[in-house]
Amino acid sequence: MLWVDKYRPKTLDKVLVHDDVAQNLKKLVTEQDCPHLLFYGPPGSGKKTLIMALLRQMFGPGAEKVKVENKNWKVDAGSRTIELELTTLSSTHHVELNPSDAGFQDRYIVQEIIKEMAKNRPIDTKGKKGFKVLVLNEVDKLSREAQHSLRRTMEKYSASCRLILCCNSSSKVTEAVRSRCLNMRINAPKEDQIVKVLEFIGKKEGLQLPPGFAARIAEKSGRSLRRAILSFETCRVQQYPFTNNQVISPMDWEEYISEIASDIMKEQSPKRLFQVRGKLYELLVNCIPPEVVLKRLLYELLKKLDSELKHEVCHWAAYYEHRMRLGQKAIFHIEAFVAKFMSIYKGFLIATFG
Amino acid sequence: MGKRTAIVLSSDDDDDNDNDFDFDFSVKPDLNRFNNPKSKSKSKSASVPRSNPKRSKKTRISSSSSNSRSRSHPGKNVNPFDEMKLFCEDFGEGFSGFKVSAGYRRDNKELWLDKYKPCSLVELAVHKKKVEEVKVWFEERICITKDEYCNHVLLITGQPGVGKSATVHTIASHLGAIIYEWNTPTPTIWQEHIHTTNAGLRYLSKLDEFENFVERIRKYGLIPSSLTEEVRKPFIVLIDDLPVINGKLSYGRLQRCLDLLVQSVRIPTVILMTDYGRSDAADYASKCWEELQTSLQKAGACKVAFNPITGNSIVKTLSRICREEKLKITADQIDVIAKTSGGDIRHAITSLQYFNLKSDLKPISKDATYSGKVSHKIDHLDDGYSLPFGRDETLSLFHALGKFLHNKRDTENLPSCDMDSVFLKEDFTRLPMKMDTPERVLGQAHGQARPIADFLQENVLDFLHEEAMDDAWVVASYLSDADTLLTSLNGVLSRNYEAENIIQSTAASVAVRGVMFGNRHPLSSRWHAIRRPLLWQVEQSLWRNKKEMVGERSIAAYNCVNLSELSTIAIEWRPALKWLGSRVSEYNSPRKGSIGGKMVDNNCNMERSNEPCDDDEDDEIEDW
């Protein structure tokens, strides 16, 4: 088992990073009925961990006995039936799924699953907790229609099920849905918190951590705890005992992007732009999200850039990032950004060095 | 029996007393095909070989009057080739070909197409070399003893109206050969079908009939009746139209049948195949035709491809007709007709007749202005729809893309820029384009916004000047605008098609004009291959990879407790697992290999994924 899973806190009491949030959740669940919840925060901040711990708190260890299955759904949508396949992860008390996997048909998924869950409502002997929990991931990637239908079904079936929504950015969730949930903001852990976790794991594994080593990993992780633990484990595999100057290797796609960035800095021409496009395609094919590519590319470019230009470059990056979200084919916009950067940089070079 | 009228109407519309017309003999029209030369005498005077008996009577009258005119009717030259269709006695004359259309009632309204059918090799508008090729082939097959050649099949291909059939007929008549012709029989109408099944006759599909025909030809050859004089004349079998096939099964049958034909037939056989334009290449059927051609060639058939007829030969033919009809049509007008016909002589002659009709109606004074108009229009011939006749000009998508990408500009006529009422800054002025407005070109190429934008994005960088980084940005930003426009209506619940249309065309025009505007320093034109957008391929592999990831996730390869987002898998789990290589095996042993070197591996991935779908992709290019 990976350390990320091995040292995932199982109960709300053992949570290390967002212990205050955990305690509040515990109080919420034990003292009264649980409302719909919306967890939002950057990746690697511990949303899922909290949700799992919360489910355990609510239903006991039974919530941990999960099975993964590929379910087929037949949705009757007026004149036609739509068949969808979706991976779900479920226990007797909850179902977890990524409705955005269904693409543009996501709204059918949302409606249908909630309806079905409402039908097979578990009846407890005590008459209590007669509800199931539906965990929906990536709510921010749901289409507008799906979010609307989510809102309606939420109201209609609120007696029989609770929703726990999970997303990165609450701004992409409609107001209507947000106002029906208790919003939980999960911040990215601070670097010293990450260091604390890493040291905890190191102690459990019986490792010798040279001073400052955990801090370096934390710094490289971009405040994502998952990433920090993953790269910690990677370092462990690569070299142990740790040395103080051990290289903490970046992810391969990050390396690749920095390569692209140095390509861009070296030459600015349509030909080079074409080569860059080929490399970008390779990243995209590997499912690296285009937003991440653009962000990382900007980061790498800024590292090598004269401070005079930074402002303008950032402006254009933001502009094309927005365009990318409006548009359909990300490469058009990333390429436009690269072209703009090349054109700015070239102009700058000519102006300074003649 | 009330159903009968429908059939009769559809088959013969200018027959007034059709009530006693028994249509039962139309059940197996092809049976009539091979038949008794005795009935020949009846059809001898038919102006068109495949005419209906009743019509032929009428034409006899009409043609006798046309005899009085300077030129005798071409069909009247009692050439054996006109008797290619010999009718069966008991069924009355062949009922099968209905190529004749109305217009036989008055002799001056005859179709010029039939009237001026070429009757000698000189009159053929087809290129001489091609004619010669076909002729030599025939001569070799006919004059030399039969067993010397192993292949007796000639395959002639070409666009519609390039004179394939005419060539064969003319050469046959030149060589004095008799043509036995297969024509796709008239389609069976539903009522007819019901009637015949009620009468106990088994339905034969056209393919069945064709198979029977080929079988007969193959096994027995032609058995001429020994009484007639035609015995000594050579025979030619002409298969004008292969039956339309639908689906893999019938394709296989047809192919087998033709293969057998090629291998074993002993009589010179000509198969005519019509090439359809690029625009039709998308549908499955035309793909089949291409495959059939290659398989026929493999089987040993000799292929001659006819090109569209050149403008000059069309002009020649048209002016010949004008001379004989004593028309007052200027050379310019003939030129225009020839140009718009697109190498289709049948179309050109019809246009001429139509044009003649028009100018007949007008008084002479107006005629002068009219012709003036036409000659004015000649300058704008590229407009495509300037003429009262002729077909719309179409461009292939590649042609259009080439125009956009090469971005040819006028460099000489500079002063005309100053005429513009709006004064633009120097940055924004461009030389006038050496082409129609981009929107019109788009319309001619039937370009859709999305593929146009994709193609432009893929290819435009090749056409930019090496140093022109700013241009590249301008182009890229316009393409980004176009993409944004294209998506702007996605996800609107009630689809508004009109708005969508407008957005589509706007996006296309933004993309095209952006590319043309942005490219300020176009390269001097040289040969460029236009690539198919790599993006499509990327999207396919991306989709496949995503599916794979979803699959992996469901085996709980990454996280046993909850579902991770795909992006997290791609960004964090996969690379980390790669580093932890040795431990990966226990998580997902089947995929260990491919997690190995990610970037490299994905290269292979992309290539591998391309191979199987290569065919599809090539086709995609073709139909754009």
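Residues numbered from 1 in each chain as written. Chains lettered and ligands numbered in written order. Predicted model: local features only at pLDDT ≥ 70, side-chain atom pairs only at ≥ 80, totals over all residues. Heavy atoms only, no water.

> Please clarify how the overall build of chain B should be interpreted in this entry.
Across its full length, chain B carries 24 helices and five strands. The proportion of buried residues among the 624 residues of chain B is 47%. A total of about 31100 Å² of accessible surface is found on chain B, and carbon and sulfur atoms cover 54% of it. (Helix = DSSP H or I, 4+ residues; strand = E, 2+ residues; numbered from the N terminus. Buried < 20%, exposed > 50% of the residue type's maximum accessible area, 1.4 Å probe, protein only. Areas by Shrake-Rupley, 256 points an atom, 1.4 Å probe, with all protein chains shown as cover.)

> Help me out: how do you make sense of the overall build of chain A in this one?
Across its full length, chain A carries 14 helices and seven strands. Scored against the burial criterion, the 354 residues of chain A give a buried share of 55%. Counted over contacts in chain A with a minimum sequence separation of 6, partners at least 24 positions apart contribute 71%. In the structure as shown, chain A presents an accessible area of about 16100 Å², 50% of it carried by carbon and sulfur atoms. (Contact = heavy atoms within 4.5 Å.)

> Looking at this structure, how should I read the interface of chain B and chain A?
How big an interface is tends to be stated in terms of the accessible area lost upon association of its parts. Contact residues are listed per partner, giving 69 residues for chain B and 70 residues for chain A. Across the chain B/chain A interface, buried area totals approximately 6400 Å², and carbon plus sulfur atoms make up 60% of it. There are five salt bridges connecting chain B and chain A. Measuring nitrogen to oxygen at the nearest pair gives 3.3 Å for the salt bridge that ties Lys329(A) to Glu539(B). For the interface between chain B and chain A, the tally reads 17 residue pairs in polar contact (both at pLDDT 80 or more). Only α17 (449–459), α18 (469–487), α20 (534–554), α21 (566–579), α22 (581–587) and α24 (598–623) of chain B provide two or more residues apiece to the side of chain B that touches chain A. Tallied by class, residues from the side of chain B that touches chain A come to 33 nonpolar, 18 polar and 18 charged. (Buried area = accessible area lost by both parts, 1.4 Å probe. Salt bridge = Lys/Arg side-chain N within 4 Å of Asp/Glu carboxyl O. Polar contact = N/O pair within 3.5 Å; in protein donor to acceptor, adjacent residues only side chain to side chain. Nonpolar A, V, L, I, M, F, W, Y, C, P; charged D, E, K, R; others polar.)

> For this particular structure, what's the right way to read the side chain of Asp483(B)?
Inspection of the secondary structure puts Asp483(B) in helix α18. For Asp483(B), a relative accessible area of 0% gives the class buried. Within the local environment of Asp483(B), its side chain forms a polar contact with the side chain of Arg450(B), the two groups lying 2.6 Å apart. Apart from the residues within four sequence positions on either side, Asp483(B) is in contact with Gly327(A), Gln328(A), Lys329(A), Phe332(A), His333(A) and Arg450(B).

> Explain helix α16 (residues 438–445) of chain B here, please?
Since the α-helix packs 3.6 residues into each turn, any two residues three or four apart lie on the same face. All names here are of chain B. Turning to α16, its buried residues are Pro438, Val441, Leu442, Gln444 and Ala445. Along the axis of α16, the buried positions cluster into a sector of 165°, meaning they face one direction only. Next to the buried residues of α16 lie α15 (397–406), α17 and α19 (497–518). Just downstream of α16 lies His446, where phi reads positive at about 55°. (Arc of directions from axis to C-beta.)

> For this particular structure, what's the right way to read the pattern of salt bridges?
Side-chain pairs of opposite charge can arise where the charged atoms are in close proximity. Counted under the stated rule, the structure contains 28 salt bridges over all chains. We note a salt bridge from Glu175(A) to Arg178(A), for which the minimum N-O separation is 3.4 Å. Taken together, the positions of Glu175(A) and Arg178(A), both in helix α6 (residues 175–179) and three residues apart, correspond to about one turn of that helix. A salt bridge links Lys346(A) to Glu467(B), with the nearest nitrogen and oxygen atoms 3.3 Å apart.

> In this structure, what is going on with the sheet that holds strand β5 (residues 302–305) of chain B? I would like to understand it.
Within a sheet, neighbouring strands are paired by backbone hydrogen bonds and run either parallel or antiparallel to one another. All names here are of chain B. Across the sheet, five strands lie side by side as β2-β3-β4-β1-β5; this open sheet has parallel pairing. With partners counted over all chains shown, the strands left at the sheet margins are β2 (178–182) and β5, one partner each. On average, adjacent strands in this sheet sit at an angle of 20° to one another, irrespective of strand direction. Where strand β1 (residues 153–158) lies against β5, four bridges are found, and the strand directions are parallel. Among the inter-strand pairings, Leu155 is bridged to a residue of β5, identified as Lys303. Those strands touched by helix α6 (residues 164–175) are β1, β2, β3 (235–239) and β4 (269–274), and its axis lies near 160° from that of β4. (Pairing = 2+ DSSP bridges. Axes fitted to C-alpha atoms, helices over the stretch in contact; angles between N-to-C directions.)

> Would you mind going over the nonpolar core with me for this structure?
Side chains of a nonpolar character, in soluble globular proteins, are inclined to be buried together. Judged by nonpolar contacts, the single largest core of 111 residues is most densely connected at Phe337(A), Val338(A) and Leu456(B). With 13 residues, the top contributor of residues to this core is helix α14 (residues 330–353) of chain A. Residues contacting Phe337(A), with those up to four places away along its chain left out, are Leu294(A), Leu297(A), Leu298(A), Leu301(A), Val313(A), Trp316(A), Ala317(A) and Tyr320(A). Formed by 39 residues, the second largest nonpolar core is a distinct cluster that contains Val131(B), Phe138(B), Val162(B) and Val304(B). (Core = buried A, V, L, I, M, F, W, Y, C linked by side-chain atoms within 4.5 Å.)

> Would you explain the environment of Tyr116(B) in this entry?
Residues and elements named next belong to chain B. Take Tyr116: it is sitting in the loop between α4 (112–115) and α5 (128–143). Here the alpha-carbon distance between Tyr116 and Arg320, two residues 204 residues apart in the chain, equals 9.5 Å. A distance of 2.6 Å separates the side chain of Tyr116 from the side chain of Glu325, its partner in a polar contact.

> Help me understand the packing of α14(A) against α17(B), please; the structure alone is not making it clear to me.
Two numbers describe a pair of packed helices, the interaxial angle and the distance between the axes. At their nearest, the axes of α14(A) and α17(B) sit 11 Å apart, and the two run at 35° to each other. The hand of the α14(A)/α17(B) crossing is left-handed. Contacts between α14(A) and α17(B) involve Ile331(A), Phe332(A) and Glu335(A) from the former and Arg450(B), Ala453(B), Asp454(B) and Gln457(B) from the latter. For the contact of α14(A) with α17(B), the class distribution of residues is three nonpolar, one polar and three charged. (Left-handed = near helix turned anticlockwise from the far one by under 90°.)

> Hey, could you run me through the packing of aromatic side chains in this one?
Counted by the stated rule, this structure contains 13 aromatic pairs over all chains. Judged by centre distance (6.0 Å) and plane angle (25°), the ring pair of Trp316(A) and Tyr320(A) falls under stacked. Placement of the pair is Trp316(A) and Tyr320(A) together in helix α13 (residues 307–326), with a separation of four residues, close to one helical turn. On the accessibility criterion, Tyr320(A) (1% relative accessible area) is buried. Centroid distance Trp137(B) to Phe138(B): 5.4 Å. Interplanar angle 80°. Geometry classified as edge-to-face. For the pair formed by Trp137(B) and Phe138(B), the shared burial category is buried. Three or more aromatic residues joined by ring pairs form one cluster here, namely Trp3(A), Phe213(A), Phe232(A) and Phe242(A). Directly above the ring of Trp473(B) sits Lys340(A), whose terminal nitrogen or CZ lies 3.5 Å from the centroid. The positively charged end of Arg450(B) is found above the aromatic ring belonging to Phe332(A), 5.9 Å away from the centroid. (Phe/Tyr/Trp six-rings, centres within 6.5 Å; stacked < 30°, edge-to-face > 60°. Lys NZ or Arg CZ within 6 Å of the ring centre and 35° of its normal.)

> Sorry if this is basic, but what is going on with the confidence of the model for chain B here?
Atomic detail in the predicted coordinates should be set aside for any region of low pLDDT. All names here are of chain B. Per-residue pLDDT for chain B has a mean of 66; in total, 58% of the residues score no lower than 70. Every residue in residues 1–106 scores below 50 in pLDDT, and together they form 176 contacts with partners more than four places removed in sequence or on other chains. The model gives residues 361–387 a pLDDT under 50, and that stretch makes 31 contacts with residues more than four places away or in other chains. For this predicted complex, the interface score ipTM comes out at 0.83, alongside a pTM of 0.62. (pLDDT = per-residue confidence, 0-100.)

> Whenever I open this one, unusual backbone geometry confuses me. Can you help?
A negative phi holds for most residues other than glycine; trans holds for most peptide bonds. Residues and elements named next belong to chain A. Unlike most non-glycine residues, Glu138 shows phi in positive territory, near 50°. The topology assignment puts Glu138 in the loop between β5 (132–136) and α5 (144–156). Residue class for Glu138 comes out buried when judged on its relative accessible area of 4%. Although it is not a glycine, Cys287 sits at a positive phi angle of roughly 65°. Tracing the chain through its elements places Cys287 in the loop between α11 (270–285) and α12 (290–303). According to the relative accessible area criterion, Cys287 is buried, its value standing at 7%.

> Just to check I follow, could you spell out the environment of His347(B) for this structure?
Residue position: His347(B) is located in helix α13 (residues 345–361). By relative accessible area, His347(B) is classed as buried at 19%.

> Is there a simple way to explain α5(A) in this structure?
Compared with an ideal rise of 1.5 Å per residue, which puts 13 residues at 18 Å, α5(A) spans 19 Å between its outermost C-alpha atoms and is within 8% of the ideal. Of the positions making up α5(A), those classed as buried are Glu145(A), Ala146(A), Gln147(A), Ser149(A), Leu150(A), Thr153(A) and Met154(A). (Expected span 1.5 Å × (residues − 1).)

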